[in-house]
Each structure stands twice: as C-alpha cells, then as structure tokens.
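# Breakdown of the fold
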Amino acid sequence: MGFRLPGIIRRASFQAASKAVEVPKGYLAVYVGENMKRFVIPISYLSQPSFQELLNQAEDEFGYDHPTGGLTIPCREDAFLDLISYLTRL
C-alpha cells in the first residue's frame, strides 16, 4: 500500500515550476566567465557555427559534468557578449 508525503511532493512541484518561470520556453540558461555569470539565450543560437565552437570547447573542458548544474561556457564574459551581439544581428 505505501504512504504519501504530500508536503514533499508540493515543494518539489513548486521548485520545478519556479525554475520553469526563470527560463522561458525556447531559451536556455548558460554560465559564462570566471564569475559564472548566468545568461538566458535563445536556443536558436545553438545551431550557429560560432556558438557550436563554444559548445565544443565546453565539452572538451567539462565533458557533461558542468560545475554549475547548467551549461557552462568556457570563455570571458566580454567575448561571450560580443558573440551574442553578433548573433542577435543575424
């Protein structure tokens, strides 16, 4: 028969729901730079060749074990902002 812990289930649901609000559908959170600054970017950037290079570097450096729990991009913030600015203009 088992038992239920409704308080735990509600908290888990709330945490999952609050994370979904932080990153809108069609976007992805990434962490960049020494301070691991969080950026929310459109997933369409993932298909761009210049962003693919960053993903390859992330795979080389971190594999699939990212220290932040999210996708960590191994580059300086200013370089990342330049790339995002460029991709926004495409």
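To start, this report covers the structure provided alongside it. (Residues numbered from 1 in each chain as written. Predicted model: local features only at pLDDT ≥ 70, side-chain atom pairs only at ≥ 80, totals over all residues. Heavy atoms only, no water.)

### Details of the overall build of the protein
The criterion, for reference: The helix count covers DSSP runs of H or I at least four residues long, the strand count covers runs of E at least two residues long, and both are numbered beginning at the N terminus. Classification of residues uses two cut-offs on accessible area relative to the type maximum, computed with a 1.4 Å probe and protein chains only: under 20% is buried, over 50% is exposed, and between them is partly exposed. Under the convention used here, a 1.4 Å probe and the Shrake-Rupley method define accessible areas, while residue burial counts only the protein chains that appear.
A tally of regular secondary structure across the protein gives three helices and three strands. Within the protein, buried positions represent 23% of all 90 residues. Accessible surface computed for the protein: about 6700 Å², of which carbon and sulfur atoms make up 57%.

### Quick word on the pattern of salt bridges
To keep things clear, this is the line we draw: In what follows, salt bridge is the name for a side-chain nitrogen of Lys or Arg lying within 4 Å of a carboxyl oxygen of Asp or Glu.
Tallied over the entire structure, the rule returns two salt bridges. Here Arg38 and Glu22 are joined by a salt bridge, their closest N and O atoms 3.8 Å apart. Remark: Glu22 occurs in helix H1 (residues 6-22) and Arg38 occurs in strand S2 (residues 37-42); sequence separation between them is 16 residues. Arg38 gets classed as partly exposed once you look at its relative accessible area, which sits at 33%. Of the residues examined, Glu22 reaches a relative accessible area of 47% and is grouped as partly exposed. A salt bridge links Arg76 to Asp78, with the nearest nitrogen and oxygen atoms 3.0 Å apart. Its relative accessible area of 56% is what places Arg76 among the exposed residues. The exposure class of Asp78 is partly exposed, given its relative accessible area of 41%.

### Re unusual backbone geometry
We note that Met36 has phi near 50°; this positive angle belongs to a residue other than glycine. Mapping Met36 onto the fold places it in the loop between strand S1 (27-32) and S2.

### Focus on the nonpolar core
Note on soluble globular proteins: their nonpolar side chains tend to be buried together. What counts, and what does not: The term nonpolar core refers to a set of buried residues drawn from Ala, Val, Leu, Ile, Met, Phe, Trp, Tyr and Cys, joined through side-chain atoms within 4.5 Å. Residue contacts are counted whenever heavy atoms from the two residues lie within 4.5 Å of one another.
One finds Val30, Val32, Ile41, Phe51, Leu54, Ile73 and Phe80 to be the most contacted residues of the largest nonpolar core, which totals 13 residues. Taken together, the elements giving at least two residues each to this core come down to S1, S2, helix H2 (49-62) and helix H3 (77-89). Dropping the residues within four chain positions of it, Val32 is found in contact with Lys37, Phe39, Ile73, Cys75, Arg76, Glu77 and Phe80.

### Examining the sheet that holds strand S3 (residues 71-73)
Threshold: Two strands are counted as paired when DSSP detects at least two bridges linking them. In this description, a line fitted to the C-alpha atoms serves as the axis of each element, helices being fitted only across the stretch in contact, and the angle between N-to-C directions of two axes falls anywhere from 0 to 180 degrees.
Strand order in this open sheet of three strands is S2-S1-S3, and the pairing throughout is mixed. Of all strands in the sheet, those bounded by a partner on one side alone are S2 and S3. Direction aside, neighbouring strands of the sheet carry axes that sit 40° apart on average. Two strands pair when backbone bridges link them, and S1 and S3 are joined in this way by three bridges, in the parallel orientation.

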